[in-house]
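What the coordinates show
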Amino acid sequence: MLTLSKLTDYAIVLMSRLAAYGQCTATARVLAQETRIPGPTVIKLLKILAAHGALQSIQGRNGGYRLSRPASGISLAEIIEAVEGQIALTECNREVSDCRIEDSCGVRAHWLVINGALRQALTDISLADLAGPVLPRRAWRPVTLNRSRPLEQ
């Protein structure tokens with residue numbers, strides 16, 4: 001099963017909550033209270049997201065965290081990769097692969113295309129999309145495969 005970790009899920013929840021603050025800051029304590037995510041986990045995630053450039057850490061009396069840029073400029077893929085690392089559905093999609101059959105694999109090229117499509121779909125969803133109202137299912141474009149020609153690398 002393809003599942004994001006709970007930590008990544010929490011990171012997305014935190015970023016969505018911070019999107020509501022706009023350019024105002026929020027402390028880790030406030031974010032923990034508002035999201036019901038445990039305080040130590042909030043602190044850990046805020047540090048990770050700040051280190052990856054998605055958040056700014058503001059020091060001082062009115063300090064806290066805020067988005068480093070508008071929510072429309074932060075993608076779901078960026079948040080996932082900050083916590084999980086590179087998006088890779090299979091071993092051969094990783095930058096450093098440990099696959100023993102990679103040289104003779106007949107589906108590797110297809111996995112590269114599929115992985116790219118998934119990453120692009122996650123890139124096309126912005127934090128602003130996640131922080132806004134839920135779109136009805138019919139508003140999303142269905143993915144169709146053209147089976148009359150092979151997948152291209």
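In this convention, every chain numbers its residues from 1, walking through the sequence in written order. Residue-level local features of this predicted model are given only where pLDDT is at least 70; pairs of side-chain atoms are given and counted only at 80 or more, and the full residue set underlies all totals for whole chains, interfaces and linings. Water and hydrogen atoms were dropped before computing side-chain values, which therefore reflect all heavy atoms in the structure.

Focus: the side chain of Ser16
What counts here: The numbering of helices and of strands both runs from the N terminus, where a helix is a DSSP run of H or I of at least 4 residues and a strand a run of E of at least 2. Two N or O atoms form a polar contact when they lie within 3.5 Å of each other; inside protein one atom must be a possible hydrogen donor and the other a possible acceptor, and for residues adjacent in sequence the pair counts only when both atoms belong to side chains. Contacts were defined at the residue level, with two residues in contact if any of their heavy atoms lie within 4.5 Å.
By secondary structure assignment, the location of Ser16 is in helix 1 (residues 6-21). Polar side-chain contacts of Ser16 include one of 2.9 Å to the backbone oxygen of Ile12. Those residues in contact with Ser16 that sit more than four places away from it in its chain are Leu127, Leu130 and Ala131.

Let's talk about unusual backbone geometry
The phi dihedral of Arg36 is positive, around 65 degrees, even though this residue is not glycine. By the secondary structure assignment, Arg36 is in the loop between helix 2 (28-35) and helix 3 (39-51).

Examining helix 1
So the rule is basically this: Each residue after the first adds 1.5 Å to the expected span of a helix. For each residue, the accessible area found with a 1.4 Å probe, counting protein chains only, is set against the maximum for its type, and the residue is called buried under 20%, exposed over 50%, and partly exposed in between.
An ideal rise of 1.5 Å per residue puts 22 Å on 16 residues; helix 1 measures up with 23 Å between its terminal C-alpha atoms. Residues of helix 1 that are buried: Thr8, Ala11, Ile12, Leu14, Met15, Ser16, Leu18 and Ala19. Looking at the packing, one finds that the buried side of helix 1 touches helix 2, helix 3, strand 1 (55-58), strand 2 (64-67), helix 4 (76-84) and helix 6 (127-131).

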